[in-house]
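The residues making up each chain are set out below.
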Amino acid sequence: ATSEDGLFWSYQSCTEMLMPMSRDGQRDIFWPQPWDREAFGQWCQETWGQVPDDDFGRREFGGKNLAGASNIVFSNGGFDPWSTGGVLPGDEDPRRSLLTAFMPEGAHHLDFMFSHPEDPDSVLKARAKEKAAIIAWAAEARARRRQGASGHTTV
């Protein structure tokens, strides 16, 4: 990560992905900081010349309306403060290849990091589920391509 990485995210959170988060200092390790929509909007205006549009992400990206989505594994970690807003177990639709991998002892992108001997079991299972899904989707795509090229299915 670089200092620019934080700048990119702050711009995106002010223009596209408003994500109200707070912390209470009781159920987390941080100092209390309640969500203040007005203060955040003012900061965005001063920093980026933008007033956040609360509904932009939902309107542009569909929110949890996944009617047009397929072939996605939504992974979330129990230590992610935003995981409650994610696509979680129970939201799966295997018919459209919308899968979830929840890692109670995981954090943001832990399943995408290099393996480590101390990786929690849920992270290992998430990686295996993601790998199996990608292999299956690639095989399905190859089979469709072969069928389309020849006009019939080849084995």
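See the structure printed just above.
Residues numbered from 1 in each chain as written. Predicted model: local features only at pLDDT ≥ 70, side-chain atom pairs only at ≥ 80, totals over all residues. Heavy atoms only, no water.

Engineer: Account for unusual backbone geometry, with residues named and values stated.
Structural biologist: Phi at asparagine 71 takes a positive value of approximately 55 degrees, unusual for a residue other than glycine. Of note, asparagine 71 is situated in the loop between helix H3 (56–61) and strand E1 (72–77). We note that serine 97 has phi near 60 degrees; this positive angle belongs to a residue other than glycine. Turning to its location among the elements, serine 97 is positioned in the loop between E1 and strand E2 (98–103). (Helix = DSSP H or I, 4+ residues; strand = E, 2+ residues; numbered from the N terminus.)

Engineer: Describe in detail the nonpolar core, supporting the description with residues and values.
Structural biologist: Within the largest apolar cluster, eight residues are counted, these being Val73, Leu99, Ala101, Met103, Val123, Ala126, Ala133 and Trp137. Elements with a minimum of two residues in this core: E2 and helix H4 (121–150). Per-element tally for this core: the top contributor is H4, with four residues. Those residues in contact with valine 123, other than ones at most four positions away along the chain, are Met103, Leu110 and Asp111. Residues Leu66, Phe74, Val87 and Leu98 belong to the second largest nonpolar core, which totals five residues. (Core = buried A, V, L, I, M, F, W, Y, C linked by side-chain atoms within 4.5 Å. Buried < 20%, exposed > 50% of the residue type's maximum accessible area, 1.4 Å probe, protein only. Contact = heavy atoms within 4.5 Å.)

Engineer: Requested: an account of the side chain of arginine 127, with residues and values cited.
Structural biologist: The topology assignment puts arginine 127 in helix H4. Judged by relative accessible area, which is 15%, arginine 127 ranks as buried. Within polar-contact distance, the side chain of arginine 127 engages the backbone oxygen of aspartate 111 at 3.1 Å. When near neighbours in sequence (up to four residues on either side) are disregarded, arginine 127 contacts Leu110, Asp111, Met113, Phe114, Ser115 and Asp119. (Polar contact = N/O pair within 3.5 Å; in protein donor to acceptor, adjacent residues only side chain to side chain.)

Engineer: Provide a residue-level description of the environment of tryptophan 9, including the pertinent values.
Structural biologist: Among the structural elements, tryptophan 9 can be located in helix H1 (residues 3–15). Not counting residues up to four positions away in its chain, the partners in contact with tryptophan 9 are Met17 and Met19.

Engineer: An account of a nonpolar patch on the surface is requested, with residue identities and associated values reported.
Structural biologist: Together, Ile29, Phe30 and Trp31 give the surface a local cluster of nonpolar side chains, amounting to about 410 Å² of exposed area. By secondary structure assignment, the location of isoleucine 29 is in the loop between H1 and helix H2 (37–48). Judged by its relative accessible area of 79%, isoleucine 29 is exposed. (Patch = residues over 30% accessible without salt bridge, like charges linked within 9 Å, V, L, I, M, F, W, Y side chains within 5 Å. Areas by Shrake-Rupley, 256 points an atom, 1.4 Å probe, with all protein chains shown as cover. Salt bridge = Lys/Arg side-chain N within 4 Å of Asp/Glu carboxyl O.)

Engineer: If you had to explain H4 to someone new, which residues and values would you point to?
Structural biologist: Between its terminal C-alpha atoms H4 stretches 44 Å, which fits the 44 Å expected from 30 residues at 1.5 Å a residue. Residues of H4 that are buried: Ser122, Val123, Ala126, Arg127, Glu130, Ala133 and Trp137. Looking at the buried side of H4, the elements it contacts are E1 and E2. (Expected span 1.5 Å × (residues − 1).)

Engineer: Describe the pattern of salt bridges, with residues and values.
Structural biologist: Evaluated as defined, the whole model comprises eight salt bridges. The residue aspartate 55 makes a salt bridge to arginine 58 at a minimum N-O spacing of 2.7 Å. The exposure class of aspartate 55 is partly exposed, given its relative accessible area of 37%. In this structure, arginine 96 and aspartate 93 form a salt bridge, with 3.0 Å as the shortest nitrogen-oxygen distance. Judged by its relative accessible area of 28%, arginine 96 falls in the partly exposed class. Among the ionic contacts, a cluster of salt bridges with common partners joins Asp93, Arg95 and Arg96.

Engineer: Describe in detail the pairing of E2, supporting the description with residues and values.
Structural biologist: Extensive coverage of E2 is indicated by the burial of five of its six residues. Relative to E2, E1 runs parallel, the two sharing six bridges. When the bridges of E2 are listed, serine 75 appears paired with alanine 101. (Pairing = 2+ DSSP bridges.)

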